[in-house]
Amino acid sequence: MRKHIVAGNWKMNTTVAEGVELAKAVVEHSAQVPADVKLIIAPPFTHLYPVAEVVKGTAVGLSSQNCADKEKGAYTGEVAVNMLAGVGCEYVILGHSERREYYGETDAKLVEKVKLALAQGLSPIFCIGEKKEEREAGRHFEVVTEQVKNVLFELTPEQMANIIVAYEPVWAIGTGLTATAEQAQEIHAEIRKVLAEKFGELAEEISILYGGSCKPSNAKELFACPDIDGGLIGGAALKAEDFIGIAVSFLLISCYFKVCSFL
Ligand code: 13P
């Protein structure tokens with residue numbers, strides 16, 4: 001069975017003190033979340049060390065939002081994967097559309113970053129997604145397929161087994177416009193089909209998360225789709241109640257299915 005995952009991408013928000021409080025609140029409320037749902041939080045770099053102290057020994061995983069594309073050396077301002085692993089990160093978000101758009105991250109650079117992260121034992125949360133104009137032109141399947149092939153097809157099956165994919169339509173990020181469950185499901189199924197072309201049955205084991213204006217009110221409908229294995233949450237991850245509320249959706253879905261099978 002695929003892992004259910006709800007990951008919070010805090011982006012460039014909160015001070016260290018606020019971040020520590022938010023992490024404490026997530027840990028405190030995490031008991032409400034079903035045991036088969038993995039919670040992950042991704043604070044800014046500056047917060048990782050104190051937040052690692054908060055989540056240590058709990059079920060909440062720690063992720064960074066990026067990493068360098070080099071192992072070490074004279075790269076001012078960059079943070080290497082061994083530094084992230086050393087501070088307690090188990091995950092790293094890579095290929096977020098904001099990194100691709102504002103910081104010129106190319107697929108070639110992402111191949112380097114993904115491989116470096118994997119070599120350090122970190123699991124990349126690898127983001128893909130089309131822009132508004134690409135969807136309007138009916139090119140969303142093509143764009144997402146390219147992003148998968150250009151980066152993930154460079155991996156061995158052993159490497160791929162440690163990847164989490166996040167489908168985040170750019171037009172849905174921070175806009176309040178969520179993809180409908182049908183739109184998200186059809187593209188998640190397509191991503192899995194493309195992965196199966198290269199990796200065969202392993203594609204069934206890969207968690208594919210949805211991201212883009214996901215909130216407690218729409219998570220249930222999205223997560224009930226067969227190929228949506230959780231969410232990568234932006235704005236709603238900045239409030240512990242909302243973040244946990246999204247993860248608790250899995251509990252409601254399993255209750256619903258139990259009741260249906262009973263009837
Ligand atoms: P929002 O949930 O704020 O739309 O952000 C999604 C996202 O970009 C997570 O990485």
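Note: the structure precedes this text.
These numbers come from a predicted model, not from an experiment. (Residues numbered from 1 in each chain as written. Predicted model: local features only at pLDDT ≥ 70, side-chain atom pairs only at ≥ 80, totals over all residues. Heavy atoms only, no water.)

A. Just helix H9 (residues 181–199), in detail. For H9, spanning 19 residues, the distance from its first C-alpha to its last is 26 Å, which sits close to the expected 27 Å at 1.5 Å a residue. Buried within H9 we find Ala-181, Ala-184, Gln-185, Ile-187, His-188, Ile-191, Arg-192, Val-194, Leu-195 and Phe-199. Immediately downstream of H9, the backbone of Gly-200 shows phi near 60°, a positive value. (Helix = DSSP H or I, 4+ residues; strand = E, 2+ residues; numbered from the N terminus. Expected span 1.5 Å × (residues − 1). Buried < 20%, exposed > 50% of the residue type's maximum accessible area, 1.4 Å probe, protein only.)

B. Region of the structure containing the nonpolar core. Val-6, Ile-41, Leu-152, Met-160, Val-165, Leu-195 and Phe-223 are the most contacted members of the largest nonpolar core, which totals 76 residues. It is helix H11 (residues 240–262) that contributes the most residues to this core, eight residues altogether. Filtering out sequence-adjacent residues up to four positions away, Leu-195 remains in contact with Val-148, Leu-152, Phe-153, Met-160, Val-165, Gly-200, Ala-203 and Ile-206. With 12 residues, the next largest nonpolar core counts Ile-125, Cys-127, Ile-164 and Ala-166 among its residues. (Core = buried A, V, L, I, M, F, W, Y, C linked by side-chain atoms within 4.5 Å. Contact = heavy atoms within 4.5 Å.)

C. Fine view of unusual backbone geometry. Positive phi outside glycine occurs at Lys-11, with the angle close to 50°. With respect to the secondary-structure elements, Lys-11 resides in the loop between strand E1 (4–9) and helix H1 (16–29). Positive phi values are uncommon outside glycine, yet Thr-14 reaches one of about 80°. Within the element layout of this structure, Thr-14 appears in the loop between E1 and H1. Under the relative-accessibility criterion, Thr-14 is labelled partly exposed at 28%.

D. Seen up close, the site of the ligand. The ligand sits among 13 residues. The nearest are Lys-11, His-96, Gly-174, Ser-213 and Gly-235. Between the ligand and Ser-213, the relevant distance is 2.7 Å, taken from an oxygen atom to a main-chain nitrogen or oxygen of the residue. Within the complex, 95% of the 310 Å² of free accessible area of the ligand lies under protein. Of the residues assigned to the shell around the ligand, the class counts are four nonpolar, seven polar and two charged. (Near = heavy atom within 4 Å. Polar contact = N/O pair within 3.5 Å; in protein donor to acceptor, adjacent residues only side chain to side chain. Areas by Shrake-Rupley, 256 points an atom, 1.4 Å probe, with all protein chains shown as cover. Nonpolar A, V, L, I, M, F, W, Y, C, P; charged D, E, K, R; others polar.)

E. Structural context of the pattern of salt bridges. Counted by the stated rule, this structure contains 19 salt bridges. For Glu-21, the salt bridge goes to Lys-24, with nearest N and O atoms at 3.8 Å. Within this pair, Glu-21 and its partner Lys-24 are both found in helix H1, separated by three residues, close to a single helical turn. With a relative accessible area of 42%, Lys-24 lands in the partly exposed category. (Salt bridge = Lys/Arg side-chain N within 4 Å of Asp/Glu carboxyl O.)

F. Expanded view of the pairing of strand E4 (residues 91–94). Residues Tyr-91 and Ile-93 of E4 are buried on one face, and the alternating residues Val-92 and Leu-94, pointing to the opposite face, are buried as well. In this view, the connection linking strand E3 (residues 60–64) to its parallel neighbour E4 by way of helix H3 (residues 81–87) has right-handed handedness. (Right-handed = clockwise from strand over helix to strand, strands pointing away.)

G. Expanded view of the side chain of Gln-185. With respect to the element layout, Gln-185 can be found in helix H9. Using a relative accessible area of 16% as the deciding quantity, one classes Gln-185 as buried. Apart from the residues lying within four places of it in its own chain, the contact partners of Gln-185 are Cys-225, Pro-226, Asp-227 and Ile-228.

H. Looking closely at the sheet that holds strand E8 (residues 230–233). Strand order in the closed barrel formed by eight strands is E1-E2-E3-E4-E5-E6-E7-E8, with parallel pairing between adjacent strands. On average, each strand axis in the sheet is tilted by 25° relative to the strand beside it, whichever way the strands run. Sheet topology note: the E1/strand E2 (residues 37–42) ladder contains six bridges and is parallel. Looking at the pairing, Ile-5 lines up with Lys-38 of E2. Those strands touched by helix H7 (residues 140–152) are strand E5 (123–128) and strand E6 (164–167), and its axis lies near 150° from that of E5. (Pairing = 2+ DSSP bridges. Axes fitted to C-alpha atoms, helices over the stretch in contact; angles between N-to-C directions.)

I. Region of interest: the packing of aromatic side chains. Under the counting rule described, the total for this entry stands at four aromatic pairs. An angle of 85° between the planes, with centres 6.2 Å apart, marks the rings of Phe-153 and Phe-199 as edge-to-face. Of this pair, Phe-153 sits in the loop between H7 and helix H8 (157–160) while Phe-199 sits in helix H9, and the two are 46 residues apart along the sequence. We classify Phe-199 as buried; its relative accessible area is 8%. A ring pair is formed by Tyr-167 and Tyr-210, whose centres lie 6.4 Å apart and whose planes are at 55°; its orientation type is tilted. (Phe/Tyr/Trp six-rings, centres within 6.5 Å; stacked < 30°, edge-to-face > 60°.)

Interpretation note: all reported values are geometric properties and have no functional meaning in isolation.
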